[in-house]
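# Analysis of the macromolecular model
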Amino acid sequence: MTTPHHPIAIVGGGLGGLTLARVLHVNGVQAAVFDLDASPAARTQGGMLDIHDDSGQPALRAAGLYEEFRALVHPGGESTRVLDKTGAVLLDDPDDGTGGRPEVDRGQLRDLLLGSLPEGTVRWGAKVTGARPLDGGRHEVTLADGTSFTTDLLIGADGAWSRVRPLLSDAKPAYVGISFVEVDLPDADVRHPVSAEVVGGGMMMALGAGKGFLAHRETDGSLHIYVALAVPEDAFDGVDFTDTEAGKTYTLGHFADWDKSLRALLADADGPLTPRQIHALPIGHRWERVPGVTLLGDAAHVMSPFAGVGANLAMLDGAELGQALAAHPGDPEAALAAYETKLFPRSEESAAESAANGILMFGEDAPQGMLDFFASVGG
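Described in the following lines is the structure provided in the data block. (Residues numbered from 1 in each chain as written. Predicted model: local features only at pLDDT ≥ 70, side-chain atom pairs only at ≥ 80, totals over all residues. Heavy atoms only, no water.)

Below, the discussion takes up helix α7 (residues 244-252). Among all positions of α7, only G247, K248, T251 and L252 are buried. One side of α7 carries all its buried residues, which in axial view fall inside an arc of 115 degrees. Exposed side of α7, more than 90 degrees from the buried face: E245 and T249 are the residues found there. (Buried < 20%, exposed > 50% of the residue type's maximum accessible area, 1.4 Å probe, protein only. Helix = DSSP H or I, 4+ residues; strand = E, 2+ residues; numbered from the N terminus. Arc of directions from axis to C-beta.)

Following this line, the structure appears as structure tokens:
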């Protein structure tokens, strides 16, 4: 049986991989995308994203999808509130429509990108288990179903635990000291009016030393809550989060002296609790040029979420890689070298900013650090 060959193979159908495929497509270059999900609807895609005017938006312009993106923007979503543990509102910055980071639903944005690609571009249910170099910069990629394919150019867009990264780097993401417990409050204005008022129309941060509630309003009227805890890596090991009440009891135990209106963001949740540890690659992660392979997005530079740039960087990575390949037809090594020259310093700067913001958000004087930060940037 002949092994399939793809000139360009993108592993991972998230926002970065899809942006790359789209930018290649608009430049007349075909690519194959391999995603482990069984279908586009196999799982929810997370909550709201603020799409930055210096990264995500230029990427969407390069993809020829900027106007379609604008139609997805959530009015009022750029508003920001900062509270302390008593529930006092210390910063309330409304969305006046002039900001540079409009909010969209991640799932809708992904659907926009998927719908812009030729049918069959994405191979669903294709879980990559490994890859090995062949001659001339080519690679062989193996899938969980036992099949394989070869490619002239392999791009790892497969997230924090990338199966492509080992071809380039021995680095592995490490726990950053913060864990989340995620919950949703559906139909908030009707079912959870107090919480809806606390969160407001966009993003809310209620912060204290080593803990906090981060929340945002979604386009369907629900509230998505991240309960943040600075805890050891093994702190959740003895907690059964599939037992909703047990998970709530454990998590709320860290907020015994917090205002009831903030505790309700978790206490009133009637759906599942999702625990999530935050991991990051070393700040400044990079690799030597290896023929025929590169990385983008979290595969290249997974970082903590406290600068709000992960999805934006993934899309910008994808757009710039696609443009570099289109600008160097027949010379992929020149394209990869040009792409990585810009990728590395940008990633390092953003990862350092994200780590610093985590300290501001959960430091001993929280929420003062974030108030000072917003004041410094005019927020």
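There is more to say after this.
This part is about the sheet that holds strand β4 (residues 80-83). Here 7 strands make up an open sheet; going across it, the order is β5-β4-β12-β13-β14-β11-β15 and the pairing mixed. The open sheet terminates on both sides in strands that have one partner only, identified here as β5 (89-93) and β15 (274-280). Direction aside, neighbouring strands of the sheet carry axes that sit 20 degrees apart on average. Contacting β4, β11 (174-185), β12 (203-208), β13 (211-217) and β14 (223-230), helix α8 (residues 260-267) runs over the sheet at an angle of about 70 degrees to β13. Relative to β12, helix α11 (residues 332-362) is tilted by about 65 degrees, and along the sheet it contacts β11, β12, β13 and β14. (Pairing = 2+ DSSP bridges. Axes fitted to C-alpha atoms, helices over the stretch in contact; angles between N-to-C directions. Contact = heavy atoms within 4.5 Å.)

Let us now look at the packing of aromatic side chains. Remark: the centre distance and the inter-plane angle together describe each pair of aromatic rings, the angle taken between the planes. Counting across every chain of the model gives 13 aromatic pairs. Taking 6.4 Å as the distance between ring centres and 90 degrees as the angle between the ring planes, the aromatic pair formed by F241 and Y250 counts as edge-to-face. The partly exposed category is assigned to Y250, whose relative accessible area is 24%. Among the aromatic residues, those joined into a ring-pair cluster are F180, Y226, F306 and F362. Seen from the ring of Y66, R61 lies directly overhead, with NZ or CZ sitting 3.7 Å from the centre. (Phe/Tyr/Trp six-rings, centres within 6.5 Å; stacked < 30°, edge-to-face > 60°. Lys NZ or Arg CZ within 6 Å of the ring centre and 35° of its normal.)

Bringing the environment of L154 into the picture now. With respect to the helices, strands and loops of the structure, L154 is situated in strand β10 (residues 148-156). Separated by 144 residues in the primary sequence, L154 and I10 place their C-alpha atoms 6.2 Å from one another. What L154 contacts, discounting residues up to four positions off in sequence, is A9, V11, A131, H139, V141, V164, L167, G292, V293 and T294.

Time to look at the nonpolar core. The biggest cluster of nonpolar side chains holds 59 residues, and the ones touching the most others in it are I10, L109, L154, I155 and L321. Setting aside its immediate chain neighbours within four residues, L321 contacts L20, I155, T294, L296, L336 and Y339. Residues Y175, V181, F213 and L223 belong to the second largest nonpolar core, which totals 29 residues. (Core = buried A, V, L, I, M, F, W, Y, C linked by side-chain atoms within 4.5 Å.)

Bringing the side chain of D105 into the picture now. Relative to the helices and strands, D105 is located in strand β6 (residues 103-105). One buried charged side chain, D105, makes no salt bridge at all; its nearest oppositely charged neighbour is R106, positioned 8.0 Å away. Excluding its chain neighbours within four sequence positions, the residues that come into contact with D105 are G47, M48 and T219. (Lys, Arg positive; Asp, Glu negative; His and termini not counted. Salt bridge = Lys/Arg side-chain N within 4 Å of Asp/Glu carboxyl O.)

Treat this as a map of the structure, not an account of what it does.
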